[in-house]
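The chain contents come next:
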Amino acid sequence: NSCPSIAGLEKYQPRQTSRLYAADGRLIAAIGTERRTLAKLDQIPKQVQDAFVITEDKRFYSHGGIDFIRIFGAGFANLRAGGIAQGFSTITMQLARNLFPERLNAREKTLGRKLREAKVARAIEAKYSKDRILELYLNEIYLGGGAYGVAAAALNYFNKSLDELTPEEAAFLAGLPKAPNNYNPQRNPEAARERRKYVLDRMVESGYLTPEQGTA
């Protein structure tokens, strides 16, 4: 009973950025507490979708919101490390947490919160298609620098639209959800490069990119 209801997702309409342009088309200012530009899934290049899926939830298309294989793997890794070495949140669980931050507060490191998150994720999976879930996730996820969603992040980091991104740039964005501030290239350029390489390597291993495309 303490879980948030997903009924309101039918009318999902997050706050977006308002932009002011000069007469010659130059961007003067972006106004809004959350910098976000909504994009339909068919407006998000496949390489961007693939980069996030392979990095955040490689079994996204085969589980029902909870990846039990990943849970067992993370549990074993954490037991060996004697602490939290790996997490097991799926894309759907992350979406649930981002849609309901007050009810599923990520700072609440308790089993109860994780169980509520999993229950909401299962409810989302039962109601929506994988494409819709991925679309919601890619528009909702925080990627640092005040940017929410991949469209806003592409503009923020590269001053590009989504369809202009290179594989390396797509990989960089996909590496951010784990720790956006830690992988900010202005603060930690070496960490940002290593994280990007990690994503590119996963994409090559999974066949999403050729070895040549995965050379950053």
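Preceding block: the structure.
A short tour of the structure in this document, coming up. (Residues numbered from 1 in each chain as written. Predicted model: local features only at pLDDT ≥ 70, side-chain atom pairs only at ≥ 80, totals over all residues. Heavy atoms only, no water.)

Observations regarding the pattern of salt bridges
Phase 1 of the analysis: Evaluation of the coordinates by the stated rule reveals 12 salt bridges.
Phase 2 of the analysis: Across the salt bridge formed by D67 and R59, the nearest N and O atoms sit 2.9 Å from each other.
Phase 3 of the analysis: The shortest N-O distance in the salt bridge between R113 and E117 comes to 2.5 Å. With R113 and E117 both in helix α4 (residues 111-127) and 4 residues apart, this pair spans about one turn of that helix. Judged on exposure class, the residue R113 and its partner E117 are both buried. (Salt bridge = Lys/Arg side-chain N within 4 Å of Asp/Glu carboxyl O. Helix = DSSP H or I, 4+ residues; strand = E, 2+ residues; numbered from the N terminus. Buried < 20%, exposed > 50% of the residue type's maximum accessible area, 1.4 Å probe, protein only.)

A few points about the packing of aromatic side chains
Phase 1 of the analysis: Scanning all chains against the criterion turns up 6 aromatic pairs.
Phase 2 of the analysis: Their ring planes at 75° and their centres at 5.1 Å tell us that Y157 and F172 sit as a pair that is edge-to-face. Placement of Y157 in helix α6 (residues 150-158) and of F172 in helix α7 (residues 167-174) is noted, with a sequence separation of 15 residues between them. No difference in accessibility class separates Y157 from F172, as the two residues are buried.
Phase 3 of the analysis: Both rings, one in F158 and one in F172, keep their centres 5.6 Å apart while their planes meet at 80°; by these two values the pair is edge-to-face. Remark: F172 occurs in helix α7 and F158 occurs in helix α6; sequence separation between them is 14 residues. (Phe/Tyr/Trp six-rings, centres within 6.5 Å; stacked < 30°, edge-to-face > 60°.)

Examining the side chain of E135
Phase 1 of the analysis: Within the fold, E135 resides in helix α5 (residues 130-140).
Phase 2 of the analysis: Those residues in contact with E135, other than ones at most four positions away along the chain, are A39, K40 and L41. (Contact = heavy atoms within 4.5 Å.)

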